[in-house]
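Summary of structural features
The residues making up each chain are set out below.
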Amino acid sequence: MNYSIIGEQIQKYRKAAKLTQKELGEALGVSSSAVSQWETGGTPDISLIPSIADRLGITINHLFGREDITESNIQEALPHYIASLPEAKRLKEICRLMWAAVKTEISSLNIISDNVSANYNIYCGTNDGILFGVDSEKTSFISLFPEPEDGYDSLFVDNDTYRRLFAALSKPDALELLMFLYQRPPRYSTSNIIANHLRISPEETSALLSEFERLQLVCKLELDTENGDTTVYKINAFGTIVPFLYTARMMVEHYSNKSLIADKRETPLLRKREQVSKGKLSGRDAIPT
């Protein structure tokens, strides 16, 4: 049986402390079966880790199978811990660990519990970078952006490309078309299938798809079939629609008592950029027109 390292350590030190599973569970406010699950492949909730260590008379480092977790070896310990979890729980646990680190570092965020019932938008800015995210029962995520040496604008494409993107998405049925492609399995679709679903003309559909292809939002494939040449399309930027639309929502919603802002940044977020001919920025790769 593949025991997790934490489960192994709990069992080892529980027996060393001459505690039964029931006694340890009662001390932690959980059932003996929960302790048994930890020791046979499960993992305790991260909020219980300090209490488990205290009751067993050990450090949290010992629970991870290390006498002392230092900066040099923590990168080994954390992947080992995450790998010990069931695959379905790994992503959420990574996010929880990130929030634990953020709340430890930023004292102004310590007022948020691990089980908040409201939707909190959180922003923290320093001269080294920014982070923003949401911590709630419905969803939890963090976006970390350390600032490059030459500034955030070095990550961007030229302004004309952004204008083309926003102009394309503002056209009738454009956003609906994009979301329809994301709602389908990752496979190619003909323009007729898309047109029939959106109930718009094939000409309108083809025009939107052509613009999306130029923006590299979709990729096009030409097929040679028994009925002649057929053009099909598929999403090119997998997954990006979710952070894009949610970040857009965060931009347009007003900050309220559900938003926490810790802005310690002393310099402007964006630096002044030297414009070159035709509105293009030097050093940036624009999407071909």
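So, here is what we can say about the structure in this document.

Reading guide: rules and limits
Residues numbered from 1 in each chain as written. Predicted model: local features only at pLDDT ≥ 70, side-chain atom pairs only at ≥ 80, totals over all residues. Heavy atoms only, no water. Helix = DSSP H or I, 4+ residues; strand = E, 2+ residues; numbered from the N terminus. Expected span 1.5 Å × (residues − 1). Contact = heavy atoms within 4.5 Å. Polar contact = N/O pair within 3.5 Å; in protein donor to acceptor, adjacent residues only side chain to side chain. Core = buried A, V, L, I, M, F, W, Y, C linked by side-chain atoms within 4.5 Å. Buried < 20%, exposed > 50% of the residue type's maximum accessible area, 1.4 Å probe, protein only. Patch = residues over 30% accessible without salt bridge, like charges linked within 9 Å, V, L, I, M, F, W, Y side chains within 5 Å. Areas by Shrake-Rupley, 256 points an atom, 1.4 Å probe, with all protein chains shown as cover. Salt bridge = Lys/Arg side-chain N within 4 Å of Asp/Glu carboxyl O. Pairing = 2+ DSSP bridges. Axes fitted to C-alpha atoms, helices over the stretch in contact; angles between N-to-C directions. Phe/Tyr/Trp six-rings, centres within 6.5 Å; stacked < 30°, edge-to-face > 60°.

1. Considerations on helix α8 (residues 159-170)
- With 12 residues, α8 ought to run about 16 Å at 1.5 Å a step, and its terminal C-alpha atoms sit 16 Å apart, in line with that.
- Looking at the buried side of α8, the elements it contacts are α9 (174-183), α11 (202-214) and α12 (241-252).
- One side-chain oxygen of the residue at the start of α8 lies 3.2 Å from the amide nitrogen of Asp160, identifying that residue as Asp158.

2. Re the nonpolar core
- Ranked by internal contacts, the top residues of the largest apolar core, which has 22 residues, are Ile6, Ile10, Leu24, Trp38, Ile52, Leu56 and Leu63.
- Formed by 20 residues, the second largest nonpolar core is a distinct cluster that contains Leu169, Leu198, Leu217 and Ile235.

3. Section: a nonpolar patch on the surface
- A cluster of nonpolar side chains, contributed by Ile94, Met98 and Leu144, occupies part of the molecular surface with about 230 Å² of accessible area.
- Classification of Ile94 as partly exposed rests on a relative accessible area of 36%.

4. Side note on the sheet that holds strand β3 (residues 140-146)
- Here we have 4 strands laid out as an open sheet, ordered β3-β2-β1-β7, and mixed in their pairing. Among the strands making up the open sheet, the edge pair consists of β3 and β7 (259-263). The sheet shows a mean angle of 5 degrees between the axes of neighbouring strands, taken without regard to direction.
- Sheet topology places strand β1 (residues 120-126) next to β7; 5 bridges connect them, and they run parallel. Looking across to β7, one finds that Tyr123 is bridged to Ile261.
- Across the sheet, α12 lies against β1, β2 (129-135) and β3, angled at about 95 degrees from β2, the strand it touches most.

5. Some remarks on the pattern of salt bridges
- A full pass over the atoms with the stated rule returns 10 salt bridges.
- Here Glu39 makes a salt bridge to Arg14, at a shortest N to O gap of 2.7 Å. Taken together, the residues Glu39 in helix α3 (residues 32-39) and Arg14 in helix α1 (residues 5-16) connect sequence positions 25 residues apart. With respect to class, Glu39 is no different from Arg14; both count as buried.
- In this structure, Glu213 and Lys220 form a salt bridge, with 3.7 Å as the shortest nitrogen-oxygen distance.
- Judged by relative accessible area, Glu213 falls into the partly exposed class, the value being 30%.

6. What about the packing of aromatic side chains?
- On inspection of all chains with the given rule, the structure shows 3 aromatic pairs.
- Measuring from centroid to centroid gives 5.5 Å for Phe141 and Tyr246, while their planes differ by 90 degrees, and the two rings are edge-to-face. Here Phe141, found in strand β3, pairs with Tyr246, found in helix α12; they are 105 residues apart in sequence, far enough to count as distant.
- Their ring planes at 80 degrees and their centres at 6.4 Å tell us that Phe156 and Tyr162 sit as a pair that is edge-to-face.
- Under the relative-accessibility criterion, Tyr162 is labelled partly exposed at 30%.

7. A closer look at the pairing of strand β5 (residues 218-225)
- Of the pairings in the sheet, the one linking β5 to strand β6 (residues 228-235) comprises 8 bridges and is antiparallel in character. Bridge pairing in β6 places Cys219 opposite Lys234.
- What sits between the antiparallel neighbours β5 and β6 is a turn of 2 residues.

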